[in-house]
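# A look at the structure
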Amino acid sequence: MPSSKVINEVLDRIKSKEFRGPTRVTQAALRALSDASRASRSGSSRQFLEEQAAYGDLLIKTRPTAILLANGVRQVMDAIRKGVDQGLKVSDLQETVSDTVDLFLMQMERSAAQIGDIGARRIRDGDTILCYGYSTSVLSIVQRALEQGKDLKVIVCESRPEFEGRLMAKEFLKLKVPTTMIIDSAVSHFIKDIDRVLTGADAVSANGAVINKIGTSMIAAVAHYSRVNVFVAASIHKFSPETIFGELVEIEEQDPSLIIPSEMMSQFWGMEIRNPAFDVTPPEHIDLIVTERGVIPPQGAIMILRQHEEISLGGLTGAQ
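So, here's what we can say about the structure. Every residue gets a number counted from 1 within its own chain, in the order that chain's sequence is written. The predicted origin of the model limits local features to residues at a pLDDT of at least 70 and limits the giving and counting of side-chain atom pairs to 80 or more, whereas totals for whole chains, interfaces and linings rest on all residues. To obtain the side-chain values, all non-hydrogen atoms of the structure were used and water was disregarded.

## Details of the overall build of the protein chain
The condition that has to hold: Strands here are runs of E lasting at least two residues and helices are runs of H or I lasting at least four, both read from the DSSP assignment and numbered beginning at the N terminus. Values of the radius of gyration come from C-alpha atoms, whereas the globule rule sets the reference at 2.2 Å times the count of residues to the power 0.38. Per-residue accessibility, obtained with a 1.4 Å probe over protein chains only, is compared with the maximum for each type, and a residue is labelled buried under 20%, exposed over 50%, and partly exposed between these values. By the convention used here, residues are in contact when the closest approach between their heavy atoms is within 4.5 Å. The Shrake-Rupley method, run with a 1.4 Å probe, gives the accessible areas here. Residue values count only the displayed protein chains as cover. Asp and Glu count as negative and Lys and Arg as positive, but His and the ends of the chain are not part of the count. Taken as the charge centre is NZ of Lys, CZ of Arg, CG of Asp or CD of Glu, depending on the residue.
Helix and strand counts for the protein chain come out as 10 helices and 10 strands. A globule of 320 residues ought to have a C-alpha radius of gyration of about 20 Å, and the protein chain, at 20 Å, matches this closely. Along the first, second and third principal axes, the C-alpha atoms of the protein chain reach 65 × 50 × 40 Å. Here the protein chain, with 320 residues, has 57% of them falling under the buried criterion. When contacts within the protein chain are restricted to residue pairs at least 6 apart in sequence, long-range pairs at least 24 apart make up 79% of them. In the form shown here, the protein chain has an accessible surface area of approximately 14,700 Å², with 50% of it arising from carbon and sulfur atoms. Computed over 36 positive and 41 negative side-chain charges, the inter-centroid distance for the protein chain is 3 Å.

Structure follows, in structure tokens:
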């Protein structure tokens, strides 16, 4: 297994949760992959391909639920394989990686802006919006709605156990949006005051189910049975091609110390602690998914995947 200082550093930073949300994670990981490719000392194009594939696998495994990252790595690896087939030299392949990463990151920025424009059309003047977790796409929608002159209020859940809601609240306060924070379990109490529920996504499966921060499915269920619309903001790069064939998106488990601090564990000796990072919201609890290609019902996810030609359905990063 090849070793790279820049890859190891970004892996540590991702594991320490320095980056919040799949967009930030993907940006950092792909930039590290680009830097590592430029530092490569591979003696052949085939060796370079194998080296970059190994780095890509490491990055994906550190956040397996972040389909945006997986699809970004997949796009880079597809470009390298094509270059190898064309007989490009290592120096040419290094340029290919850099160009492909820059293109993917640019696509991400453009997608966020387009999602903001499209999603803002679904927000009405005077709406009170409930937000859960941290999402750059949600921030884009709210910011664009404000730019359109709409008067909004937001209610932000804490999003335990890592409290991403606090970070989200800070972003809303910067936008000068009237912001209220509540504990996650108070959603059913406040749902009568909510006009829209707005969340991001780490992944969207072929059947329209959404994988997002743990607790999303509970909030979506409360909203669904209270007849409050649930909108999910997700780039098409977060749609998981493997789920077309019935594969499940892996749900990561986090450090138990986020539930009970390590210094208190002796008081609960022998007790098992489960701390999944994400859950699955069924499509029937989601009204719309806002993508850069437009607004679709959850059932339209399969069509997005079939039309999205840039996503290869053959393996993920292996050199092949």
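The rest of the description comes next.
## So, the pattern of salt bridges
Selection criterion: What makes a salt bridge here is a side-chain nitrogen of Lys or Arg within 4 Å of a carboxyl oxygen of Asp or Glu, nothing more.
One pass over the structure, following the stated rule, counts 16 salt bridges. A salt bridge links Glu242 to Arg74; the shortest N-O distance between them is 2.4 Å. Placement of the pair is Glu242 in the loop between strand E7 (229-233) and strand E8 (278-281) and Arg74 in helix H4 (residues 67-85), with a sequence separation of 168 residues. On the basis of relative accessible area, Arg74 is assigned to the buried category, the value being 1%.

## Comments concerning the sheet that holds strand E6 (residues 210-213)
Note the cut-off: Note on pairing: DSSP must find at least two bridges between two strands before they are called paired. Each axis is a line fitted through C-alpha atoms, taken for helices only over the stretch in contact, and angles between the N-to-C directions span 0 to 180 degrees.
Strands sit in the order E5-E6-E8 across an open sheet of 3 strands; the sheet is antiparallel. Strand pairing shows two members of the sheet lacking a second neighbour, strand E5 (203-204) and E8, which therefore form its edges. Two elements, E5 and E6, share 2 bridges in a ladder whose sense is antiparallel. Residue Ala203 lies in a different strand from E6, and its bridge partner there is Ile211. Seen against the sheet, helix H9 (residues 216-225) touches E6 and E8 and runs at an angle of roughly 30 degrees to E8.

## Remarks on the side chain of Gln27
If you trace the backbone, Gln27 turns up in helix H2 (residues 21-38). The exposure class assigned to Gln27 is buried, which follows from its relative accessible area of 16%. Apart from residues lying up to four places away in sequence, Gln27 is in contact with Leu105 and Met108.

## Digging into the sheet that holds strand E1 (residues 128-132)
Read from one edge of the open sheet, 7 strands run E3-E2-E1-E4-E7-E9-E10, paired in mixed fashion. Of all the strands in the sheet, just strand E3 (179-182) and strand E10 (294-296) have a single pairing partner and so form its edges. On average, adjacent strands in this sheet sit at an angle of 25 degrees to one another, irrespective of strand direction. As paired strands, strand E2 (residues 153-157) and E3 are joined by 4 bridges and run parallel to one another. What sits directly across from Val156, in E3, is Met181. Here helix H5 (residues 90-120) sits on the sheet in contact with E7, strand E9 (288-291) and E10, set at roughly 140 degrees to E9.

## Some words on helix H1 (residues 5-15)
For clarity, the cut-off: Regarding the arc, it is the one traced by the directions from the helix axis to the C-beta atoms.
Within the sequence span of H1, burial applies to Ile7, Val10, Leu11 and Ile14. Projection of H1 onto a plane perpendicular to its axis shows the buried side chains occupying an angular sector of 105 degrees, all on one side. On the buried face of H1, the contacting elements are H2 and helix H3 (45-62). A positive phi of about 65 degrees marks Lys17, the residue just after H1.

## Some words on a nonpolar patch on the surface
Definition in use: What goes into a patch is any residue over 30% in relative accessible area without a salt bridge, connected to like charges within 9 Å or, for nonpolar side chains (Val, Leu, Ile, Met, Phe, Trp, Tyr), within 5 Å.
Together, Met264, Phe268 and Met271 make up a nonpolar patch on the protein surface, roughly 240 Å² of accessible area in all. Relative to the helices and strands, Phe268 resides in the loop between E7 and E8.

## Overview of the pairing of E2
Strand residues, when the strand is regular, have side chains that alternate between the two faces of the sheet. To be explicit about the condition: Orienting the strands away from the viewer, one traces the path from the first strand over the helix to the second; a clockwise path indicates a right-handed crossover.
With 4 of its 5 residues buried, E2 lies for the most part within the structure. Where E1 and E2 come together, 4 bridges link them in parallel fashion. The residue bridging Ile129 from the neighbouring strand is Val154, located in E2. With respect to chirality, the unit in which E2 leads through helix H7 (residues 164-174) into the neighbouring parallel E3 is right-handed.

## Observations regarding the packing of helix H6 (residues 136-147) against H7
Where we set the bar: Any angle that falls under 35 degrees is termed roughly parallel, while one over 145 is termed roughly antiparallel, one within 65 to 115 roughly perpendicular, and all others oblique. By the definition used in this description, the sense in which the near helix is turned from the far one sets the handedness, with an anticlockwise turn below a right angle giving left-handed and a clockwise turn giving right-handed. Any residue that is not Ala, Val, Leu, Ile, Met, Phe, Trp, Tyr, Cys, Pro, Asp, Glu, Lys or Arg is counted as polar, Gly included; the first ten are nonpolar and the last four charged.
Where H6 meets H7, the axes come as close as 11 Å, and the angle between the chain directions of the two elements is 20 degrees. The angle between H6 and H7 places the two elements in the roughly parallel class. When you trace H6 past H7, the crossing you get is right-handed. Of the residues in H7, those touching H6 at Val138, Leu139 and Val142 are Met168, Glu171 and Phe172. Here the residues of the contact of H6 with H7 sort into 5 nonpolar, no polar and 1 charged.

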